Amino acid sequence: MKYQYSVYAPGSSEDVIATCSLDAPLPHIQVGHFLTVESHNWSTNLKNSLEIRRVEVLVSLDKDDRIGLLKTMVWTIERARTL
């Protein structure tokens, strides 16, 4: 099974800032957790983090009705870092 993740820009439902495909799930992708994203296209402000606000999973079945791919969409908002 494959796991595909798409992270949307803070407050956006269309602008994807990061994607990845993995052979194992990322267990820490949960509502309320925080992400820091660094890429050549987009970076989190060093004083801020992305709080996960919504997670949706699309299950794709193969011809034998077995799960072949889980697509996880992650929506975020930007928050000031607090420690």
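One structure accompanies this document, and this report is about it. Keep in mind that what you see is a predicted model, and the values were worked out from it rather than measured.

### Concerning the nonpolar core
Stage number 1. One finds Y3, Y5, V7, A9, I17, I29, L35, V37, L50, I52, L70 and V74 forming the largest nonpolar core, which totals 12 residues.
Stage number 2. Among the elements of the structure, β1 (2-8), β4 (48-61) and β5 (67-80) are those that each provide at least two residues to this core.
Stage number 3. In terms of residue count, β1 provides more of this core than any other element does, 3 residues in total.

### A short note on the sheet that holds β4
Stage number 1. Reading across from one edge, β2-β1-β5-β4-β3 is the order of the 5 strands in this open sheet, with mixed pairing throughout. Each having just a single partner strand, β2 (16-22) and β3 (34-35) make up the two edges of the open sheet.
Stage number 2. In terms of strand pairing, β3 meets β4 through 2 bridges, oriented antiparallel. In the sheet register, F34 faces β4, and the bridge partner there is E51.

### Section: the pairing of β5
Stage number 1. As paired elements, β1 and β5 share 6 bridges and run parallel to each other. The partner of V7 across the bridge, within β5, is V74.
Stage number 2. Of the pairings in the sheet, the one linking β4 to β5 comprises 13 bridges and is antiparallel in character. Bridging across to β5, S60 finds its partner in L69.
Stage number 3. Adjacent in sequence and paired antiparallel, β4 and β5 are bridged by 5 residues, among which D65 carries a positive phi angle near 60°.

Rules and cut-offs
Residues numbered from 1 in each chain as written. Predicted model: local features only at pLDDT ≥ 70, side-chain atom pairs only at ≥ 80, totals over all residues. Heavy atoms only, no water. Core = buried A, V, L, I, M, F, W, Y, C linked by side-chain atoms within 4.5 Å. Buried < 20%, exposed > 50% of the residue type's maximum accessible area, 1.4 Å probe, protein only. Helix = DSSP H or I, 4+ residues; strand = E, 2+ residues; numbered from the N terminus. Pairing = 2+ DSSP bridges.

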